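# Structure assessment
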Amino acid sequence: MKKLALKLLDFYQRFLTVFGYGSCRYYPTCSEYAKWQFEKNSFFKAFVATFLRILRCNQLFEGGIDYPVVKMDKKYKKSFICKDNQNTIIVKFWLVRKKGDNYLLIKSF
């Protein structure tokens with residue numbers, strides 16, 4: 001299910017956002033937020049967080065910066081850092097502690 005959701009988000013970002021005019025009120029955009037959620041959280045948790053985010057993306061809310069929150073498990077520790085062909089370490093995401101084992105997920109550019 002996660003792979004299907006990620007494929008649909010990729011299709012949306014590549015082809016359907018061309019018709020829009022960049023009206024997202026948050027950073028990262030709602031589709032990018034959903035993509036990060038589905039990459040790093042369970043399907044149900046990612047779906048609920050994305051659904052709530054889309055409901056908040058309207059004129060009644062101010063918008064602003066809203067990074068995804070992930071719970072740090074042992075299986076995720078290696079997925080935030082990778083190495084390229086020359087064995088150089090590349091940081092894919094930065095984690096900022098929020099409360100307990102919860103972290104804000106910030107993508108490295």
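As a reminder, the structure under discussion sits directly above these lines.
Residues numbered from 1 in each chain as written. Predicted model: local features only at pLDDT ≥ 70, side-chain atom pairs only at ≥ 80, totals over all residues. Heavy atoms only, no water.

## Concerning a nonpolar patch on the surface
A cluster of nonpolar side chains, namely Phe 11, Tyr 12, Phe 15, Leu 16, Val 18 and Phe 19, defines an oily patch on the protein surface of about 680 Å² accessible area. Inspection of the secondary structure puts Val 18 in the loop between helix 1 (2-16) and strand 1 (26-27). (Patch = residues over 30% accessible without salt bridge, like charges linked within 9 Å, V, L, I, M, F, W, Y side chains within 5 Å. Areas by Shrake-Rupley, 256 points an atom, 1.4 Å probe, with all protein chains shown as cover. Salt bridge = Lys/Arg side-chain N within 4 Å of Asp/Glu carboxyl O. Helix = DSSP H or I, 4+ residues; strand = E, 2+ residues; numbered from the N terminus.)

## Points about the sheet that holds strand 6 (residues 93-99)
Spatially, 3-7-6 is the arrangement adopted by the 3 strands of the open sheet, whose pairing is antiparallel. Two strands in the sheet have a free side with no partner beyond their single neighbour: strand 3 (69-71) and strand 6. Geometrically, the sheet is characterised by an average inter-axis angle of 40° between neighbouring strands, direction not taken into account. Pairing geometry for strand 3 and strand 7 (residues 102-107), over 3 bridges, is antiparallel. Within the sheet, the bridge partner assigned to Val 70 lies in strand 7 and is Tyr 103. Along the sheet face, helix 2 (residues 30-40) touches strand 3, strand 6 and strand 7 and points at about 125° away from the line of strand 7. (Pairing = 2+ DSSP bridges. Axes fitted to C-alpha atoms, helices over the stretch in contact; angles between N-to-C directions. Contact = heavy atoms within 4.5 Å.)

## Some remarks on helix 3 (residues 43-56)
End to end, helix 3 covers 20 Å across 14 residues, agreeing with the expected 20 Å (1.5 Å per residue, within 8%). Every buried residue of helix 3 is listed here: Ala 46, Ala 49, Thr 50 and Arg 53. Looking straight down helix 3, one finds its buried side chains confined to an arc of 100°; they lie on one side. Against the buried residues of helix 3 lie strand 1 and helix 2. (Expected span 1.5 Å × (residues − 1). Buried < 20%, exposed > 50% of the residue type's maximum accessible area, 1.4 Å probe, protein only. Arc of directions from axis to C-beta.)

## Thoughts on the state of the cysteines
This structure, assessed with the given rule, holds 0 disulfides. Unpaired in terms of disulfides, Cys 57 finds its nearest cysteine sulfur in Cys 30, a separation of 3.6 Å. A relative accessible area of 22% places Cys 57 in the partly exposed class. (Disulfide = S-S within 2.5 Å.)

## Describing the pattern of salt bridges
The tally for this structure, following the rule as stated, stands at 3 salt bridges. Notably, a salt bridge pairs Arg 14 with Asp 10, separated by 3.1 Å at the nearest N-O pair. Here the residue Arg 14 and the residue Asp 10 both occupy positions in helix 1, the gap between them amounting to 4 residues, near one helical turn. With a relative accessible area of 26%, Asp 10 lands in the partly exposed category. Close ionic contact of Arg 56 with Asp 66 constitutes a salt bridge, the shortest N to O distance being 2.7 Å. Here the residue Arg 56 occupies a position in helix 3, and Asp 66 occupies one in the loop between strand 2 (64-65) and strand 3, the gap between them amounting to 10 residues. You can call Arg 56 partly exposed: its relative accessible area is 27%.

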